[in-house]
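Below, each chain spelled out in residue letters.
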Amino acid sequence: MESALLGALDHGLRAWQVSLPRNAPPLFDDARLPPEDPFNEIFANAHFLGLPFDTRPKLAHPGLRLLHATDRKSAKLLTTPMRDATAAGPTLRSAHQSVGWYLATDFLAEVIGLESYPIAHVQGSTTSGYRLCKEAGTLIVALMRGGEAMAFGVNQAFPLARFVHASRPADLAPYHLENMNHVILVDSVVNSGKTVVEFARHVRDLHPTIRVIAVAGVVQKQSIADGGLIHEYGEQAEIDLIALRLSENKFTGTGSTDMGNRLFNTTHLA
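Residues numbered from 1 in each chain as written. Predicted model: local features only at pLDDT ≥ 70, side-chain atom pairs only at ≥ 80, totals over all residues. Heavy atoms only, no water.

Within an unreviewed UniProt entry, the label attached to the protein reads Phosphoribosyltransferase domain-containing protein, and the organism entered is Diatrype stigma.

(A) Molecular detail of unusual backbone geometry. Here the bond from M144 into R145 is cis, since omega is 0 degrees, no more than 30 degrees from zero. Among the secondary structure elements, R145 is positioned in the loop between strand 7 (138-143) and helix 5 (148-157). With phi around 55 degrees, K134 is a residue other than glycine that occupies positive phi space. Tracing the backbone through its elements, the reader meets K134 in the loop between strand 6 (126-132) and strand 7. Despite not being glycine, N179 shows a phi value in the positive range, around 65 degrees. Here N179 is to be found in the loop between strand 8 (162-166) and strand 9 (182-190). Judged by relative accessible area, N179 falls into the exposed class, the value being 72%. (Helix = DSSP H or I, 4+ residues; strand = E, 2+ residues; numbered from the N terminus. Buried < 20%, exposed > 50% of the residue type's maximum accessible area, 1.4 Å probe, protein only.)

(B) Fine view of the pattern of salt bridges. Applying the stated criterion across every chain yields a total of eight salt bridges. Residues E238 and R65 are paired through a salt bridge, measuring 3.4 Å at the closest nitrogen-oxygen approach. One end of the pair, E238, is in the loop between helix 7 (229-234) and strand 11 (239-247); the other, R65, is in strand 4 (residues 64-68), with 173 residues separating them in the sequence. You can call E238 partly exposed: its relative accessible area is 39%. Classification of R65 by relative accessible area gives buried; the value is 17%. Three or more residues are tied together by salt bridges with common partners; here these are R65, R211, E238 and D240. (Salt bridge = Lys/Arg side-chain N within 4 Å of Asp/Glu carboxyl O.)

(C) Fine view of the packing of helix 3 (residues 73-83) against helix 4 (residues 89-112). Between helix 3 and helix 4, the least distance of the axes is 8 Å, while the angle of their chain directions is 155 degrees. On the basis of their axis angle, the class for helix 3 and helix 4 is roughly antiparallel. Note that helix 3 runs across helix 4; the crossing there is left-handed. Contacts between helix 3 and helix 4 involve S74, L78, P81 and M82 from the first element and L92, A95, H96, S98, V99 and Y102 from the second. (Axes fitted to C-alpha atoms, helices over the stretch in contact; angles between N-to-C directions. Parallel < 35°, antiparallel > 145°, perpendicular 65-115°, else oblique. Left-handed = near helix turned anticlockwise from the far one by under 90°. Contact = heavy atoms within 4.5 Å.)

(D) Spatial organisation of the side chain of H68. Summarising the element assignment, H68 is placed in strand 4. Of the residues examined, H68 reaches a relative accessible area of 2% and is grouped as buried. At 2.7 Å, the side chain of H68 and the side chain of T70 are in polar contact. (Polar contact = N/O pair within 3.5 Å; in protein donor to acceptor, adjacent residues only side chain to side chain.)

(E) Representation of helix 3 within the structure. Every buried residue belonging to helix 3 is among A75, L78, T79 and M82, and all of these are buried. Taken down its axis, helix 3 places every buried residue within 100 degrees of arc, on the same side. Helix 3 presents K73 and L77 as exposed residues on the side facing more than 90 degrees away from its buried surface. (Arc of directions from axis to C-beta.)

(F) Local environment of the environment of L185. Turning to its location among the elements, L185 is positioned in strand 9. Accessibility expressed as a relative area gives 1% for L185, which makes it buried. For L185 and V212, which are 27 residues apart along the polypeptide, the C-alpha to C-alpha distance reads 7.5 Å. Discounting chain neighbours no more than four positions away, the residues touching L185 are V141, L143, V196, F199, A200, V212, I213, A214 and V215.

Here you go:
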């Protein structure tokens, strides 16, 4: 069983190991098979129960795993400068980067899992540090222009990850995905979900078994509701969607209200 499991992990299996009782030694090296606590609420909700609480991971569809922080107080604080009409340029980009770091550490780390590695302790000994599982095999894709600042925040949390800018799916070439285990698509706003779906399909055309995770500041609920583009894509393939908040608002910014223009102080060009 052990050799078969290790072989499956080498071929893309995503799995965790649970020790029972909790203080029992793990069966495998946790760098290969990340440990998890079955009594951890987020882990249980994400992998076993799918409980329909807005601030916890849940299955929105058998192939669509949705996680968001809409009702959390932390999300309300982080959202404020993003919605403030007076915030633009470096101030707004900094706010987006903070959101990217928050979603990476609080959600992506739970979804993908962590692995341990040795680090030098300040007292002179060696201890365990933690990083994203297969962090060096992670590709962060900044969907331009709006997703760049948030993608920088994700990269800040996972410094070993690869980083690429993409304005259209064709900007991702086969060599970008070589030896990659995860692709993280980062955008500031998901409206209809068309861009996310187009990128996810392109990635899967190049690498059918790779894990695709979309991260956004705002996701319109229509895109994940029955009949929405992301919901429909979830009927065909697996995808994780992580958002700071979900919104009923179907407003799509243009000109001075476009997020990309606000981020780069180019509203005068609209």
